[in-house]
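Close look at the chain arrangement
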Amino acid sequence: DAFHIAHSGNFPLYQDQGRPEPLFRLMQAAGLLLYGEGVWAIRLTSAFVGLLTVAAAYWAASECLRDLPRSTRQIAALGAAITIAVAIGHVTVTRSTYRAVPQPLLMLLMTGFLMRGLRLSQWRDFALAGLFGALGVYTYTAAYVIPLGLGPLGLHLLISRRQRWRIWLPRLIVAGLVILLLVLPVILIAMQTPEAVL
């Protein structure tokens, strides 16, 4: 499919069971256009996504640990990045052409922007968290549960930051709405032909 997309510019849409999600095929097609044709171009795209995932692990961990002293936060974030970098599953998947390669990157970006949004109360961060959460749905079937994480986060905030609900609740709703709007095509297909999605 990636070769077909790169050559023709046409994106094949499948509605039968077991077809891959679209985002990875588009990324691979872009890689073929950038690096030339061949299996190595496809592997290189996966490896680059893997490198970005290591950097995203560092950033997301440091956003999650903002209440710690800076040196402790940096050591913990470095530990998260090293863990991803040497994890045999991550190394194996990012050196192959497996379609789940972008999912950890998108999950980490969603987490990092959510945490930064909660810290800085900026609407943009919540919208970006929603964008990356929705892109995860277009990456791999297991990512369908990622947007559901907003529910437990909202419950936690209701318990821990009840006095500031007027600040975080509308922003969290924005993240949810961005996800909902961007994932709406998948939801509609799932309602009409569940076996094409699940």
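Residues numbered from 1 in each chain as written. Predicted model: local features only at pLDDT ≥ 70, side-chain atom pairs only at ≥ 80, totals over all residues. Heavy atoms only, no water.

Section: the overall build of the protein chain
Rule in force here: Helix numbering and strand numbering both begin at the N terminus, where a helix is a DSSP run of H or I of at least 4 residues and a strand a DSSP run of E of at least 2. Relative accessibility decides the category of a residue: with a 1.4 Å probe and only protein chains considered, values under 20% of the type maximum give buried, values over 50% give exposed, and everything between is partly exposed. Any two residues whose heavy atoms approach within 4.5 Å at even a single point are treated as in contact. All accessible areas in this document rest on Shrake-Rupley with a 1.4 Å probe, and a residue is counted as covered only by the protein chains that are shown. Lys and Arg are tallied as positive, Asp and Glu as negative. Neither His nor the chain termini are counted. One atom stands in for each charge, and that atom is NZ of Lys, CZ of Arg, CG of Asp or CD of Glu.
Helix and strand counts for the protein chain come out as ten helices and zero strands. When the helices and strands of the protein chain are placed in sequence order, the string is α-α-α-α-α-α-α-α-α-α. Taking the principal axes of its C-alpha atoms as reference, the protein chain extends roughly 55 × 45 × 25 Å. Taking all 198 residues of the protein chain together, the buried fraction comes to 37%. Across the protein chain, the fraction of contacts at a sequence separation of at least 24, relative to all contacts at a separation of at least 6, is 65%. Here the protein chain has roughly 11,100 Å² of accessible surface; of this, 68% comes from carbon and sulfur atoms. One finds the centroid of the 16 positive side-chain charges in the protein chain at a distance of 15 Å from the centroid of its 8 negative side-chain charges.

Examining unusual backbone geometry
Look at Ser-121: it is not a glycine, yet its phi comes out positive at around 60°. Structurally, Ser-121 is set in the loop between helix H6 (102-120) and helix H7 (123-137).

Re helix H9 (residues 165-192)
Helical geometry note: an α-helix holds 3.6 residues per turn, so side chains three or four residues apart project in the same direction. The line we're drawing: Note on bend: at a given residue it equals the angle between the axes fitted to the 7 residues ending there and to the 7 starting there.
Val-183 marks the point of greatest bend in H9, at about 55°, and the proline Pro-185 comes within the next four residues. Among all positions in H9, only Trp-168, Arg-171, Leu-172, Ala-175, Ile-179, Val-183 and Val-186 are buried. Residues of H9 that are buried in the fold lie against H6, H7, helix H8 (150-160) and helix H10 (194-197).

Focus: the environment of Arg-73
Within the secondary structure, Arg-73 is located in helix H4 (residues 70-86). As a C-alpha pair, Arg-73 and Leu-182 span 109 residues in sequence and 33 Å in three-dimensional space.

Re the packing of helix H2 (residues 22-35) against helix H3 (residues 39-64)
The condition is simple: Axis definition: a line fitted to C-alpha atoms, over the contacting stretch in the case of helices. Angles run 0 to 180 degrees between N-to-C directions. For any pair of crossing helices, the crossing counts as left-handed if the nearer helix is rotated counterclockwise from the farther one by less than a right angle, and right-handed if it is rotated clockwise. Under the convention adopted here, Pro, Cys and the residues Ala, Val, Leu, Ile, Met, Phe, Trp and Tyr are nonpolar, Asp, Glu, Lys and Arg are charged, and Gly plus all remaining residues are polar.
As a packed pair, H2 and H3 sit with axes 8 Å apart at the nearest point and diverge in direction by 115°. The hand of the H2/H3 crossing is right-handed. Between H2 and H3, the contacting residues are Phe-24, Met-27, Gln-28, Gly-31, Leu-32 and Tyr-35 on the first element and Ala-41, Ile-42, Leu-44, Thr-45, Ser-46, Phe-48 and Val-49 on the second. Partitioned by chemical class, the residues of the contact of H2 with H3 number nine nonpolar, four polar and no charged.

Remarks on the nonpolar core
Note the cut-off: Here, the term nonpolar core denotes a set of buried Ala, Val, Leu, Ile, Met, Phe, Trp, Tyr and Cys residues that are joined through side-chain atoms within 4.5 Å.
The biggest cluster of nonpolar side chains holds 30 residues, and the ones touching the most others in it are Met-110, Leu-114, Leu-150 and Leu-172. Those elements giving two or more residues to this core turn out to be H2, H3, H6, H7, H8 and H9. Looking at which element gives the most residues to this core, the answer is H6, with seven residues. Filtering out sequence-adjacent residues up to four positions away, Met-110 remains in contact with Ala-129, Phe-132, Gly-133, Ile-146, Leu-150 and Ile-179. Judged by nonpolar contacts, the second largest core, of seven residues, contains Ile-5, Ala-6, Ala-29 and Ile-42.

Observations regarding the side chain of Thr-53
Convention followed: Whenever a nitrogen or oxygen atom comes within 3.5 Å of another N or O atom, the pair is scored as a polar contact, on the condition that within protein one atom can donate a hydrogen and the other can accept it, and that pairs from neighbouring residues in sequence are kept only if both atoms are in side chains.
The topology assignment puts Thr-53 in helix H3. A relative accessible area of 0% means that Thr-53 is categorised as buried. Within the structure, the side chain of Thr-53 is placed 2.8 Å from the backbone oxygen of Val-49, a separation counted as a polar contact. Not counting residues within four places of it along the chain, the set of residues in contact with Thr-53 comprises Ile-84, His-90, Pro-104, Leu-105 and Leu-108.

Describing a nonpolar patch on the surface
Our working definition: Patch membership requires more than 30% relative accessible area and the absence of a salt bridge. Residues of like charge join within 9 Å; the nonpolar side chains Val, Leu, Ile, Met, Phe, Trp and Tyr join within 5 Å. A pair is scored as a salt bridge if a Lys or Arg side-chain nitrogen falls within 4 Å of a carboxyl oxygen belonging to Asp or Glu.
Together, Trp-165, Leu-169, Ile-173, Leu-177, Leu-180, Leu-184, Ile-187, Leu-188 and Met-191 give the surface a local cluster of nonpolar side chains, amounting to about 790 Å² of exposed area. By relative accessible area, which is 35% here, Leu-184 ends up partly exposed.

Description of the pattern of salt bridges
One pass over the structure, following the stated rule, counts three salt bridges. For Arg-116, the salt bridge is made with Asp-125, and the minimal N-O distance between the two is 2.8 Å. Using a relative accessible area of 0% as the deciding quantity, one classes Asp-125 as buried. Among the ionic contacts, a cluster of salt bridges with common partners joins Glu-63, Arg-66 and Arg-119.

Looking at the packing of aromatic side chains
For clarity, the threshold we go by: Each pair of aromatic rings taken from Phe, Tyr and Trp, with Trp reduced to its six-membered ring, is defined by centres within 6.5 Å and is described as stacked if the planes are under 30 degrees apart, edge-to-face if over 60, and tilted in the remaining cases.
Within this structure, the stated rule accounts for four aromatic pairs. With a centroid separation of 5.9 Å and 65° between ring planes, the pair formed by Tyr-35 and Phe-48 is classed as edge-to-face. Highlighted residues: Tyr-35 in helix H2 and Phe-48 in helix H3, separated in sequence by 13 residues. Here the aromatic cluster, defined as three or more aromatic residues joined through ring pairs, consists of Trp-59, Phe-113 and Phe-132.

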